[in-house]
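# Understanding the architecture of this molecule
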Amino acid sequence: MPDGHRTAEGGGMELDELGLVPDEATVYRMLIARTSVRAEAIGDAAGLPAERATAALRSLVARGLVVRAADGHRYSAAPPAVALGAELAAHRERLQRAEVTVARLAETYRMATADRAQRELVEIVEGSEAIGTRYRQLQLSARRTIDIFSAGRPQAVTPADSEEVTAMARDVRVRAVIDQGFLREPGAAENVAQSLADGVRVRTVTEVPYKLILCDESVAMLPLHGRDADVDPAVVLRGGLAHMARELFEQVWERASPYQEAAGVGIDPVDVHILRLLLAGLTDTAVATQVGLSARTVQRRIQLMMSHAGATSRLQLGWYAGQHGWV
């Protein structure tokens, strides 16, 4: 992911956004912390080569962010509220102009043709690349919620291509219902575990109706020809049609079983993995494939867990695991 964690001490992403290049931001921050500094000492104080420090100082003086003392040899920072106020106001003005431009473009787009209203409600997207792009655009445009049905093998969008983490960084809630077909795919359980660690709420069912992404409960994308068809082409639904997808998701979510985020003490992580997949409805053979063990080894570990739990059936084992925080 792009570096979004620079701090004020580390060079100033905030000042970059106000138009200062890194060297200028470094020199200005150094001068803010001091009453004044002699010109020849600025490079050492800022930790910059002399030529770069001089160039940055010259630019800061020209922009009114740094002032030279009466003796002509010492420099100090102008008060930030005054010096940067104009930069901040200009930044806000540029953003406001951009918002107005986007609004005008959106209005032009809506008015372009007579049937635009209908076309906005239903959009057909063809080609795996276009579908993958639109899927990621929907995730990145979400402001409140993202709801997902995952079934079978990922096609147009793989877990590595997803923008869920980016969305959740903006406090977007992400929920996913996965089915047994999805969990049987190679690496699926590891991908689900990573999603849980990222903060996605996950539940499982035997079979979801079809692949789906629903953003902010108002825009949905799903395969045009239903569950058993390829994802290409896909249909994007808005308005009342998207609300139907929302109702369907909520119904499936309510009857789905939670895929727990963490296990309690007293059980091996591999056994936790096995239990989660069993509770999701996978066969011993499918579980063995996911955890990289033989079916016989999986069965032996299940028997050992049953013995530890004092269970005489897998049903009792599942109940015990839930009651004692194993899954």
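Now for a look at the structure at hand. (Residues numbered from 1 in each chain as written. Predicted model: local features only at pLDDT ≥ 70, side-chain atom pairs only at ≥ 80, totals over all residues. Heavy atoms only, no water.)

## So, the nonpolar core
Threshold: Among the buried residues, those of types Ala, Val, Leu, Ile, Met, Phe, Trp, Tyr and Cys that are joined through side-chain atoms within 4.5 Å form a nonpolar core. In this scheme, a residue with accessible area under 20% of its type's maximum is buried, one over 50% is exposed, and one in between is partly exposed, where area comes from a 1.4 Å probe on protein chains only. Working rule for contacts: check all heavy atoms of both residues, and any pair within 4.5 Å makes them a contact.
Ile146, Tyr259, Leu317 and Trp326 are the most contacted members of the largest nonpolar core, which has 53 residues in total. Setting aside its immediate chain neighbours within four residues, Leu317 contacts Leu275, Ile302, Met305, Met306, Ala309, Ala311 and Trp326. Leu48, Leu60, Ala83 and Leu84 belong to the second largest nonpolar core, which has 20 residues in total.

## A closer look at the packing of helix α14 (residues 284-291) against helix α15 (residues 295-309)
Going by this rule: Each axis is a line fitted through C-alpha atoms, and for a helix only the stretch in contact is used; angles between axes span 0 to 180 degrees, taken between their N-to-C directions. Only DSSP runs of H or I covering at least 4 residues are called helices, and only runs of E covering at least 2 are called strands; the numbering of each starts at the N terminus. Any angle from 65 to 115 degrees is called roughly perpendicular, while one under 35 is roughly parallel, one over 145 is roughly antiparallel, and all others are oblique. Three categories are distinguished: nonpolar for Ala, Val, Leu, Ile, Met, Phe, Trp, Tyr, Cys and Pro, charged for Asp, Glu, Lys and Arg, and polar for the others, with Gly belonging to the last.
Taken N-terminus to C-terminus, the directions of α14 and α15 make an angle of 100°; their axes are 8 Å apart at the nearest point. In terms of orientation, α14 and α15 fall into the roughly perpendicular class. Each of Asp284, Val287, Ala288 and Val291 in α14 lies in contact with α15, whose residues at this interface are Ala295, Val298, Gln299 and Ile302. When grouped by side-chain class, the residues that make up the contact of α14 with α15 number six nonpolar, one polar and one charged.

## A few points about the packing of helix α13 (residues 269-279) against α15
Here α13 crosses α15 at 95°, and the two axes come no closer than 11 Å. As the angle between them shows, α13 and α15 are arranged roughly perpendicular. On the side of α13, the interface is formed by Val270, Asp271, Ile274, Leu275 and Leu278, while α15 contributes Val298, Arg301, Ile302 and Met305.

## Considerations on unusual backbone geometry
Notably, Asp216 is not glycine yet its phi reads approximately 55°, a positive angle. Along the chain, Asp216 falls in the loop between β8 (212-215) and β9 (219-223). Residue classification places Asp216 among the buried residues on the basis of a relative accessible area of 13%.

## Side note on the sheet that holds β8
To be explicit about the condition: In this scheme, strands are said to pair when DSSP sees at least two bridges between them.
With mixed pairing, eight strands are arranged side by side in an open sheet as β4-β10-β9-β8-β5-β6-β7-β11. Taken across any chain shown, the strands that pair with only one partner, and hence form the sheet edges, are β4 (122-125) and β11 (257-258). Here β4 pairs with strand β10 (residues 234-238) via four bridges, running antiparallel. Bridge assignment links Ile124 to a residue of β10, and that residue is Val235.

## Quick notes on the environment of Trp253
With respect to the secondary-structure elements, Trp253 resides in helix α12 (residues 240-255). For the pair formed by Trp253 and Val202, sequence separation is 51 residues and the distance between their alpha carbons is 9.3 Å. The residues contacting Trp253, other than those within four sequence positions of it, are Arg175, Ala176, Val177, Arg201, Val202 and Arg203.

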